[in-house]
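So the chains spell out like this:
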Amino acid sequence: MLKSRRWPGKGDRRVLALTVPIILSNATVPLLGAVDTAVVGHLDSPHYIGAVAIGALIFSYVFWSFGFLRMATTGLAAQAAGRRDASEVRAVFARGALIAIVAGLLVMVLQWPIVELAMRLIAPSADVEAAARDYFHVRIWASPATLMQYCMLGWLLAMRDSRAVFIFQVVLNSLNVFLDILFVQGFGWDVRGVAGATVIADYSGVVLGWFLMQPHLARLGGRWRDVALFDRDRILRLMKVNGDIFVRTLALTSAFALFTTFSARFGEVTLAANAVLQNFLMFGSFALDGFAHAAETLVGQAYGAERRKQFLWAVRKTTIWAVISACTMALVFAVLGVPIIDGLTSITEVREAAYQYLPWAVLLPVTGVLGFQFDGVFLGAMQTRHWRNMMLCSVALFAVFAWGAVALQSNHALWAAFNLFFLLRGLTLVGLFPTIIPRDAAGFGKG
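Residues numbered from 1 in each chain as written. Predicted model: local features only at pLDDT ≥ 70, side-chain atom pairs only at ≥ 80, totals over all residues. Heavy atoms only, no water.

1. Quick notes on the confidence of the model for the protein chain
- Per-residue pLDDT for the protein chain has a mean of 82; in total, 89% of the residues score no lower than 70.
- Per-element confidence in the protein chain ranges from a low mean pLDDT of 64 for helix 1 (residues 10-41) to a high of 93 for helix 15 (residues 411-432).
- Between residues 1-7, whose pLDDT stays under 50, and residues either more than four places distant or in other chains, the model counts three contacts. (pLDDT = per-residue confidence, 0-100. Helix = DSSP H or I, 4+ residues; strand = E, 2+ residues; numbered from the N terminus. Contact = heavy atoms within 4.5 Å.)

Here is the structure:
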């Protein structure tokens, strides 16, 4: 008589133990975005919503151009941990932190050309542009802290410390939400209050992140002064990986920039409605990123330890749970979409426009799940060349379809193109997945 298997099994529970705290912590990020939208969405004009959306877009574009600080740190540190190379685990963080500080200062120095170029490309209305500039010139001062947080989160993920990631995100974003409400609703600082809250929270996050790293540093042993910070071979590898991630991330943020830019061509109300609906994408993406982060960590450690069977197990388990999560989120968005929109804005014309395009936002978790999941797989394996190229292809096709949507003056067509972009991003990586499966002949044969 066959023995019945318990579900979820031991492997499922292992994945969920790593993933659930990350999902809960990631959920605070879109919650923060929703609060940003809500606090200005209840002011007296829709141009405030558009200004925050454009300001946030600029910083997403600039900061996530340095997204390799999070991604490469996780992949490289996880592989070093799999090899039990404690000195290199420290070194991966140190190299990333040095880049974060230099890059953050450079962004602050270049703030004038950044904002001028952005406004020329997006071309918002005069009211939206003025408010977006106010937001930008306050938030720019958080640059070094924001980039340093990427390194810290990436390193903690590599240590498989989902509890620390949870604490970090919840404390940081709770502080940001509190200051948002205080500065905007309490002090009347409109979009400058939203930006100022982010600056204070980001610098506070660096202090908290360093504190959360200490138990792992103590367990690893060693001293910072003994770290081979400028090891030639490892720096060359880091530069190659970072270059691929930089190009890929620039392409991804360009897709979001195109979406917002083309939304602005349809007027303030449509821009505001699309900005409201993008909060659904943020909720969906940060939840799915939890499974992608789990895949990144587990795959990275499998590569470092040279365990092919463990690699395949990590991909299978995390992908199954990611698909379940995506379908669940789509159902939740379908049922609660209208109340969520009402909570984000009280402006009647923006609400009505958002209701019209809501079905497209409901689809995003389903069309996007494979893209998020296989991002994590390719990153954990540090197979960044294919990953970069498939993103470039997907963005190029999206740009063509999005331009067609503008020519047709159809926001429905723009949302359809956006969903197609996410679908292509996943399917192209799935098609290339067999090429990155490690072979026994390469030393990956251990179960």
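2. Quick word on the nonpolar core
- Formed by 143 residues in total, the largest nonpolar core has its most connected members in Trp-155, Leu-277 and Phe-418.
- For this core, the element with the highest residue contribution is helix 11 (residues 268-305), accounting for 16 residues.
- Apart from the residues lying within four places of it in its own chain, the contact partners of Trp-155 are Thr-73, Ala-77, Val-89, Phe-93, Met-213, His-216, Leu-217 and Leu-220. (Core = buried A, V, L, I, M, F, W, Y, C linked by side-chain atoms within 4.5 Å. Buried < 20%, exposed > 50% of the residue type's maximum accessible area, 1.4 Å probe, protein only.)

3. A few points about unusual backbone geometry
- Positive phi, normally seen in glycine, also occurs at Arg-160, with a value near 60 degrees.
- Relative to the assigned elements, Arg-160 resides in the loop between helix 7 (143-158) and helix 8 (162-186).
- Overall, Arg-160 belongs to the partly exposed group, its relative accessible area being 34%.
- At Gln-409, a residue that is not glycine, the phi angle is positive and equals roughly 55 degrees.
- In this fold, Gln-409 is placed in the loop between helix 14 (384-407) and helix 15.
- Residue Gln-409 is classed as exposed on the basis of its relative accessible area of 52%.

4. Things to note about the packing of aromatic side chains
- Following the criterion strictly, the structure yields 22 aromatic pairs and no others.
- Between Phe-93 and Trp-155, the ring centres sit 6.3 Å apart and the planes meet at 65 degrees, which makes this aromatic pair edge-to-face. Here Phe-93 is found in helix 4 (residues 86-109), whereas its partner Trp-155 is found in helix 7, with 62 residues between them in sequence. The pair Phe-93 / Trp-155 is uniform in exposure class, with both members buried.
- Seen in terms of ring centroids, Phe-187 and Trp-189 are 5.0 Å apart; in terms of plane orientation they differ by 55 degrees. Their pairing is tilted.
- For Trp-189, a relative accessible area of 40% corresponds to the partly exposed category.
- Three or more aromatic residues joined by ring pairs make a cluster, and in this case those are Phe-256, Phe-259, Phe-372, Phe-398, Trp-415, Phe-418, Phe-421 and Phe-422.
- The ring of Phe-372 carries the charged tip of Arg-425 above its face, separated from the ring centre by 4.6 Å. (Phe/Tyr/Trp six-rings, centres within 6.5 Å; stacked < 30°, edge-to-face > 60°. Lys NZ or Arg CZ within 6 Å of the ring centre and 35° of its normal.)

5. Concerning empty space enclosed by the protein
- Applying the stated criterion across every chain, the model contains three cavities of 30 Å³ or more.
- There is about 50 Å³ of room inside the second largest cavity.
- In terms of lining, the second largest cavity is formed by Phe-68, Leu-69, Ala-72, Thr-73, Val-92, Arg-95, Gly-96, Ile-99, Leu-238 and Asn-242.
- Counting residues per element, the ones that place at least two in the lining of the second largest cavity are helix 3 (68-82), helix 4 and helix 10 (232-264).
- The residue makeup of the lining of the second largest cavity, split by class, is six nonpolar, three polar and one charged. (1 Å grid on protein atoms, 1.4 Å probe; cavity = no way out; pocket = protein on both sides within 12 Å on 5 of 7 lines; lining within 4 Å. Points joined across faces, edges and corners; volume = space filled by probe spheres on them. Nonpolar A, V, L, I, M, F, W, Y, C, P; charged D, E, K, R; others polar.)

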